[in-house]
Amino acid sequence: MGLLALERSGLLPKIFLTNCGILFSSGGVIAPLLSLALGERINLLTGKLKKEVKERGETEQALRDSEKRLHGLLEVSPIPLFVSRKADGAILYANRRVNQILDIPEEEEVIGRTTQEFWVDPTQRPVLPEQIDKEELLEGNELRIRKADGTPIWVSFSTHPILFAGEQALLT
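Not measured: the values here are computed from a predicted model.

Would you mind showing me how to read the overall build of the chain here?
Along its length, the chain carries 4 helices and 8 strands. From first element to last, N terminus to C terminus, the chain shows the α and β order α-β-β-β-α-β-β-α-α-β-β-β. Here the chain holds 172 residues, and 22% of them are scored as buried. Counting only contacts in the chain whose residues sit at least 6 apart along the sequence, the fraction spanning at least 24 positions is 33%. Counting every atom, the chain has about 12200 Å² of accessible surface; 59% of that belongs to carbon and sulfur.

What is the right way to read the side chain of Ser84 from this model?
Structurally, Ser84 is set in strand β4 (residues 82-85). Contacts of Ser84, omitting those with residues within four sequence positions, involve Gly89, Ala90, Ile91, Leu92, Thr115, Ala169 and Leu170.

Got a minute to help me understand the pairing of strand β6 (residues 138-146) in this structure?
On a regular strand, one side chain projects to one face of the sheet and the next to the other, so that they alternate. In terms of strand pairing, β6 meets strand β7 (residues 152-164) through 7 bridges, oriented antiparallel. What sits directly across from Ile145, in β7, is Ile153. If you look at the hairpin formed by β6 and β7, you'll find 5 residues sitting between the two strands, and Gly150 has a positive phi there, around 95°.

How should I be thinking about the sheet that holds strand β8 (residues 167-171) in this particular structure?
An order of β5-β4-β8-β7-β6 is seen for the 5 strands of this open sheet, with the pairing classed as antiparallel. In this open sheet, the two strands that pair with only one neighbour each are β5 (91-94) and β6. Looking at each pair of strands side by side, their axes are set apart by 35° on average, direction ignored.

Which parts of the structure should I look at to understand the pairing of β4?
Sheet topology note: the β4/β5 ladder contains 3 bridges and is antiparallel. Counted as the bridge partner of Phe82 is Ala94 from β5. In this antiparallel pair of consecutive strands, β4 and β5, the connection spans 5 residues, and Gly89 shows a positive phi of 80°. As judged from the 3 bridges shared by β4 and β8, these two strands associate in the antiparallel manner. Within β8, the position partnered with Val83 by the bridge is Leu171.

Sorry if this is basic, but what is going on with the confidence of the model for the chain here?
A low pLDDT score tells you not to read the predicted coordinates there in detail. Per-residue pLDDT for the chain averages 79, and the proportion of residues at 70 or more is 74%. Across the chain, element-level confidence peaks in β5 with a mean pLDDT of 94 and bottoms out in strand β1 (residues 15-18) with 49.

How should the pattern of salt bridges be read in this particular structure?
Side chains that differ in sign of charge can pair as their charged atoms come close. Enumeration over the complete set of coordinates arrives at 9 salt bridges. Between Glu58 and Lys54 there is a salt bridge; the shortest N-O distance is 3.9 Å. Taken as a pair, Glu58 and Lys54 lie in helix α2 (residues 32-76) at a separation of 4 residues, close to a single helical turn. Of the charged contacts in the structure, one is a salt bridge between Arg96 and Glu75, with a shortest N-O distance of 3.5 Å. One end of the pair, Arg96, is in helix α3 (residues 96-101); the other, Glu75, is in helix α2, and 21 residues separate them in sequence. For Glu75, a relative accessible area of 14% puts it in the buried group. Residues joined in a network through salt bridges with shared partners are Glu75, Arg96 and Glu106.

Just to check I follow, could you spell out unusual backbone geometry for this structure?
Trans is the common state for peptide bonds, and a negative phi is the common state for residues other than glycine. Phi angles above zero are rare outside glycine, and Asp103 is one such case at about 55°. With respect to the secondary-structure elements, Asp103 resides in the loop between α3 and α4 (127-135). In the Ramachandran plot, Ala165 falls in the positive-phi region, its phi being about 55° despite a non-glycine side chain. Mapped onto the elements, Ala165 comes out in the loop between β7 and β8.

About the criteria used
Residues numbered from 1 in each chain as written. Predicted model: local features only at pLDDT ≥ 70, side-chain atom pairs only at ≥ 80, totals over all residues. Heavy atoms only, no water. Helix = DSSP H or I, 4+ residues; strand = E, 2+ residues; numbered from the N terminus. Buried < 20%, exposed > 50% of the residue type's maximum accessible area, 1.4 Å probe, protein only. Contact = heavy atoms within 4.5 Å. Areas by Shrake-Rupley, 256 points an atom, 1.4 Å probe, with all protein chains shown as cover. Pairing = 2+ DSSP bridges. Axes fitted to C-alpha atoms, helices over the stretch in contact; angles between N-to-C directions. pLDDT = per-residue confidence, 0-100. Salt bridge = Lys/Arg side-chain N within 4 Å of Asp/Glu carboxyl O.

See below:
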């Protein structure tokens, strides 16, 4: 039950600040010295809370700025990078370079498609998660993939398991 509901229910006593101390609607009194200490404590706690709220806001802003910088770096990277869901190969993130390698216009989304759509031999897909479970990192692998027009090309890639948006994923 919230404070407002408690007050309306009559369970929370009304408090009156006076120069004689704190008076409660129930008839209770807190002496001036004690009420002064209580008031100072309330002010101290309020000040701490305001400081924590301000610090949290600054921390959240710093995190947003950091994410923006990282996203900018990933987008201009000369290396094609994408993140795919480990379970089904759904592409969760891809930078511009992925579109360029696959000859997919930038306005077309790669996100949401599956990695299998680009593999010349889709039967190889189940092997990768099993290898990653054993080795943690796969480096220097080669694979034939298909560009948007169907042209096969060889690519060299490395894959590392990561947690992305709360899901088990592969950074490739």
